[in-house]
Amino acid sequence: MLSVKNLHAAINDKEILRGIDLEVRAGEVHAIMGPNGSGKSTLAQLLAGREGYQVTAGTVRYLEQDLLAMAPEARARAGVFLAFQYPVEIPGVSNALFLKTALNSIRKQRGLPELDAMDFLQLLRDKMKLLGMDETLLPRAVNEGFSGGEKKRNEVLQMAVLEPKLAILDETDSGLDIDALKLVADGVNGMRAADRAIVLVTHYQRLLNFIVPDVVHVLSQGRIVKSGGAELALELEQRGYGWVEAENATRKAA
Amino acid sequence: MNVQIESWDNMALARVPQCLAGRAVPWLSRARQLAFERFAAHGLPTRREEEWKYTDVGAIGKRASLAPDNIPPDPSFEARLFAWTLAQENVHLMVFVNGHYSSELSAPGELPPGARLDSLADLLDGTADLPETLFDEQHEHTIFAALNNALATDGAVLNLAAGAVLEKPLYLLFVASGHGSAIYPRNILIAGEGARATVIEHYFGMLDAHNFTNALTQISLAAHADLQHCKLLQEGKDAFHVAGIHAEQAAGSRFVSHSFALGGRLARNDIGARLGGPDSQCSLDGLYLLEGKQHVDHHTRIDHLAPSGTSREYYRGILDGESHGVFSGKVVVHPHAVKTDAHQSNRNLLLSQKAEVDTKPQLEIFADDVKCTHGATVGKLDDDSLFYLCSRGIDAALARSLLIYGFANDIIGRVEVASMRERIEHLVLDRLPQGEQIKELL
């Protein structure tokens, strides 16, 4: 579904990604782990189409399309979704209006009829209930005055409503207490499907206790330095990122 | 020191009050004459005056006439239709055509006990005793108000006795009809102790009417009175509009003012509140949404004269094309006004390179133990917000309109009357490129 080859990218001429190779197939859950500054969030944002990055080499194919050539809204309509690490506040625009606008934009692209107000509200209520979200968040402005946990859950709510093919969750676990983490994990697990891929970008292993990945990648200094199964995350938890970096340095030296 | 070369004739203008309402009332004739003399001596303001630094009203001086109509023209079909629509709403409706009350189009309905609603012209020509200070120099916050004192034709006079409550809003619709008329509305809103009302002033001009409106609204709130005032400026694209709204507040009273400036070529609103009694509150909000060569200037002034007053002021501007917005907000905390709590903010969104805004917040504090803050910003649409919306599949043009709508909606949402809120929301959406699409989603 997603094929990243030798991706190099820079911000203001500072190279952040230095040759990423990543293959994600439909039905898989991948975790990308790594220390702060390793390039995890850059990769996530770049895949969603954020401006300000210069891609200096490499390709990104998504469902046989050149992802990097597509505008952010085109990527979203083609099924790419990014749960933001820092969700943006949109004053004056209610959460309900925002979600309805987004959903109808995507349904239109998929050739589906727009949902009427009643059906839409019902859909939202069902999904919010699953995530343990208060309905009073609907008439409120998007993310404005939301707690950290509410913002993160709101991201997962958007994912649940928009039903993407490729969902990238950037540090969605940060700022969540254990109960909220479980609800969010249940929400994500509920979306695992044969025709959907999920990429979890995370610093900590904690989330992976609840969402067990098929593949774990370790990102360091702009490269994926190690990949493995779910057990790799546990090993990282015990031995720290220093272990992988040291091992990698040794390998490079040899 | 008449600095402008006015093409109209001061001599002729001086005789106009002889044709206006109240011409048989000696004190009024005298007051009008003195007011006219003050205007004639000063002339139109120029940009050399600090209060008019950013707003050039020279174009008003080039008009053929500043004299109001004696007999208003027939209102257009569009105006009639709109008045009829409003009459079906749950409001007390008074319609003025070019500054003259139209009983035909109005539907004041039944008023609750203790409430009186009249047309000013009726009162001036009738036997009612009006205070002789009504047209005094003290009401002339600008020289345009002096001209209004001299030439005011008509307006609404709402008088609420102590405890009277107007549940339905009083809707004052000022229609500008015909071509090039000068229009001088004068409204007087008096709320007795504990009285409560909502008043809407809607200036509705035809697209092609290049009229000049010079309006003045005087508001007096007794102790614990509560008045919400909402002004909607929807004049034609060539219209000039100058207006004053001034409230005097006694102890524990609350004055809420909203000013929405959407239409008109050149507009200036002077809005003021004097918190004369302790524990009074005032809240001044405004939104100017400009395009083309529109110029809109809001000058506000809040005087805290007594202890423990609270004032809040939120003004926002959205400027496109080559439009020019001006915000000057003065908050004066006088020596006895301890424990004043004042907050003011003016935020502006520039949508084009050529749009311009001048913002001038001013705090003057002469008392101790006060809490006063103010802030002003001028910026563009936020890239992070645009990316967030686009990343959800919303196309860039719709995302832009949605953000502009949201920026405006924070101010529109402060209006308590739901029908008015929706009317303004729709007018704003009508101006946005993807507004129709947003309307369907709401």
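Just so it is clear, the structure is predicted and the values come from calculations on it, not from any experiment.

Draft legend 1. Layout of the overall build of chain A. Helices and strands together make up the secondary structure of chain A, namely 8 helices and 12 strands. Whereas a compact globule of 254 residues would reach a radius of gyration of roughly 18 Å, chain A reaches 18 Å, a difference of no more than 12%. By its C-alpha atoms, chain A is 65 × 40 × 35 Å across when sized along the principal axes. In chain A, of all internal contacts separated by at least 6 residues, the share reaching a separation of at least 24 is 71%.

Draft legend 2. Up close: the sheet that holds strand β8 (residues 196-205) of chain B. Residues and elements named next belong to chain B. One open sheet accounts for 10 strands, arranged β2-β1-β5-β8-β10-β12-β14-β16-β18-β20; its pairing is mixed. Looking along the sheet, the strands with just one partner apiece sit at the ends: β2 (100-107) and β20 (371-379). The mean angle between the axes of side-by-side strands here comes to 10°, regardless of whether they run parallel or antiparallel. The pairing of strand β5 (residues 170-176) with β8 spans 7 bridges and is classified as parallel. Paired with A176 across the bridge in β8 is G205. This element, helix α4 (residues 77-87), spans β1 (92-97), β2, β5 and β8 of the sheet and lies at about 175° to β5.

Draft legend 3. Just the interface of chain B and chain A, in detail. Contacts between the two partners involve 21 residues from chain B and, on the opposite side, 24 residues from chain A. Ranked by residue count, the leading element in the side of chain B that touches chain A is helix α8 (residues 396-412) of chain B, at 9 residues. Here the side of chain B that touches chain A is built from residues that sort into 12 nonpolar, 5 polar and 4 charged.

Draft legend 4. Molecular detail of the environment of M33(A). Residue and element names in this part refer to chain A. Structurally, the position occupied by M33 is in strand β3 (residues 29-33). According to the C-beta neighbour criterion, M33 is buried, with 27 such atoms within 10 Å. When the C-alpha positions of M33 and Y204 are compared, they lie 7.4 Å apart, and in sequence the two are 171 residues distant.

Draft legend 5. Seen up close, the sheet that holds β3(A). Residue and element names in this part refer to chain A. Taken in spatial order, the 6 strands of this open sheet run β6-β9-β10-β3-β11-β12, and their pairing is mixed. Two strands lie at the open edges of the sheet, namely β6 (80-83) and β12 (223-228), each paired on one side alone. Here the strands of the sheet are splayed against their neighbours by 20° on average, with no regard to which way each runs. Examined bridge by bridge, β3 and strand β10 (residues 197-202) share 5 bridges and lie parallel to one another.

Draft legend 6. The arrangement of the packing of helix α4 (residues 117-130) of chain A against helix α5 (residues 148-162) of chain A in detail. All names here are of chain A. Two elements in contact, α4 and α5, have axes separated by 10 Å at closest approach and are oriented at 130°. By the angle between their axes, α4 is oblique relative to α5. Relative to α5, α4 is oriented so that their crossing is right-handed. Residue-level inspection shows L123, L124, K127 and M128 of α4 in contact with α5, the latter providing L157, A160 and V161. Here the contact of α4 with α5 is built from residues that sort into 6 nonpolar, no polar and 1 charged.

Draft legend 7. Examining helix α7 (residues 230-239) of chain A more closely. All names here are of chain A. Regarding α7, the residues found buried are L232, A233 and L236. Buried residues along α7 cover an arc of 105° about the axis, so they all sit on one side. Projecting away from the buried face of α7 at angles above 90 degrees are the exposed residues E231 and Q238. Trailing α7 by a residue or two, G240 shows a phi angle of about 80°, which is positive.

Draft legend 8. Region of interest: the packing of helix α3 (residues 95-109) of chain A against α5(A). Residues and elements named next belong to chain A. Remark: α3 packs on α5, axes separated minimally by 10 Å, with the N-to-C direction vectors making an angle of 35°. α5 is crossed by α3, and the crossing has right-handed handedness. Seen from α3, the contacting residues are N95, L99, A102, L103 and I106; seen from α5, they are N154, Q158, V161 and L162. Taken together, the residues of the contact of α3 with α5 sort by class into 6 nonpolar, 3 polar and no charged.

Analysis parameters
Residues numbered from 1 in each chain as written. Chains lettered and ligands numbered in written order. Predicted model: local features only at pLDDT ≥ 70, side-chain atom pairs only at ≥ 80, totals over all residues. Helix = DSSP H or I, 4+ residues; strand = E, 2+ residues; numbered from the N terminus. Rg over C-alpha atoms; globule rule 2.2 N^0.38 Å. Contact = placed C-beta atoms within 7 Å. Pairing = 2+ DSSP bridges. Axes fitted to C-alpha atoms, helices over the stretch in contact; angles between N-to-C directions. Nonpolar A, V, L, I, M, F, W, Y, C, P; charged D, E, K, R; others polar. Buried ≥ 20, exposed ≤ 12 C-beta atoms within 10 Å, placed from the backbone. Parallel < 35°, antiparallel > 145°, perpendicular 65-115°, else oblique. Left-handed = near helix turned anticlockwise from the far one by under 90°. Arc of directions from axis to C-beta.

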